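# Examination of the molecular architecture
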Amino acid sequence: MSMLDLNDVANQLRCPSGQAGEELAEMMFKSNSNMIYKTVDRLQLDQKDAVLEIGFGSAKHLPYIFSAAKNIRYHGVEISPLMMEMAAKVKESLEQEQIELTLTGELNSLPYSDKAFNHCFSVNTVYFWSDPVKYFTEIYRVLKPGGSIALSYIREDFAQEQPFAKEDVFHFYRTEWLIRILTNIGYSHVERWQYIENTFDKLGNKVIRPFVVLKGKK
Ligand SMILES: C[S@@+](CC[C@H](N)C(=O)[O-])C[C@H]1O[C@@H](n2cnc3c(N)ncnc32)[C@H](O)[C@@H]1O
């Protein structure tokens, strides 16, 4: 694969678009579904919780979320119009009415009032946030007291070795740094879980991949 192709893959992971983006989104769901499910499990959803997801991708994991708690209110934000389209089809196929999908800009801000959510989670998107401290602070604002954040990402040492992990697109953070930032913002009880999984990378190769789930409380 040429350098240009690898740059394309990096940019498609940041914001999928067009036919290539659609194909990548299908592949992303296959390679990341275990990570997403582990993250959702850590939230310990209760019926009627209000849940916010940042960067839902194709949203093919929505049935899993509703199988964990079928009466939750799900809100998702995305920067990719293509992912909005794919997710809208998933939404149409489900019986749940409490799904709201919103297209946002990369502004590190969220279009919600203070204390709106019981949980906020995000999987494989922190690499693309222009200002993670601002975004974590914004998430803190929209969480209810006692609410939780769950953040999942590929472990930094493994992630930065990936051929498509271009420095001008991806930013990788050490877990210790993320925990310190979350704690400084005011999150408490910050816990971490480390996993190692057999999956596929974005080029379709089999990989044994380490990932981390962090969870903190407001
Ligand atoms: C690598 S994909 C991960 C998708 C899915 N969460 C997963 O783990 O398979 C990153 C997704 O986050 C979205 N994204 C990137 N930056 C974002 C931001 N600042 N706010 C919301 N979504 C964002 C992209 O459009 C893309 O769909």
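A few points on the structure. Since we're looking at a predicted model, the values are computed, not measured. (Residues numbered from 1 in each chain as written. Predicted model: local features only at pLDDT ≥ 70, side-chain atom pairs only at ≥ 80, totals over all residues. Heavy atoms only, no water.)

With that settled, consider empty space enclosed by the protein. On inspection of all chains with the given rule, the structure shows one cavity of 30 Å³ or more. One number sums up the size of the largest cavity: a volume of about 710 Å³. Among the secondary structure elements, those contributing two or more residues to the lining of the largest cavity are α1 (3–14), α2 (18–43), β1 (50–54), β2 (73–78), α6 (156–159) and β7 (206–217). The element contributing the most residues to the lining of the largest cavity is α2, with five residues. (1 Å grid on protein atoms, 1.4 Å probe; cavity = no way out; pocket = protein on both sides within 12 Å on 5 of 7 lines; lining within 4 Å. Points joined across faces, edges and corners; volume = space filled by probe spheres on them. Helix = DSSP H or I, 4+ residues; strand = E, 2+ residues; numbered from the N terminus.)

On to the packing of helix α5 (residues 132–142) against helix α7 (residues 175–185), then. Two numbers describe how α5 lies on α7: the axes approach to 10 Å, and their chain directions differ by 45 degrees. It follows that α5 is oblique to α7 by the angle criterion. In terms of crossing hand, the pair formed by α5 and α7 is right-handed. Contact residues: α5 offers V133, F136, T137 and Y140, while α7 offers W177, L178, I181, L182 and I185. Residue composition of the contact of α5 with α7, grouped by class: eight nonpolar, one polar and no charged. (Axes fitted to C-alpha atoms, helices over the stretch in contact; angles between N-to-C directions. Parallel < 35°, antiparallel > 145°, perpendicular 65-115°, else oblique. Left-handed = near helix turned anticlockwise from the far one by under 90°. Contact = heavy atoms within 4.5 Å. Nonpolar A, V, L, I, M, F, W, Y, C, P; charged D, E, K, R; others polar.)

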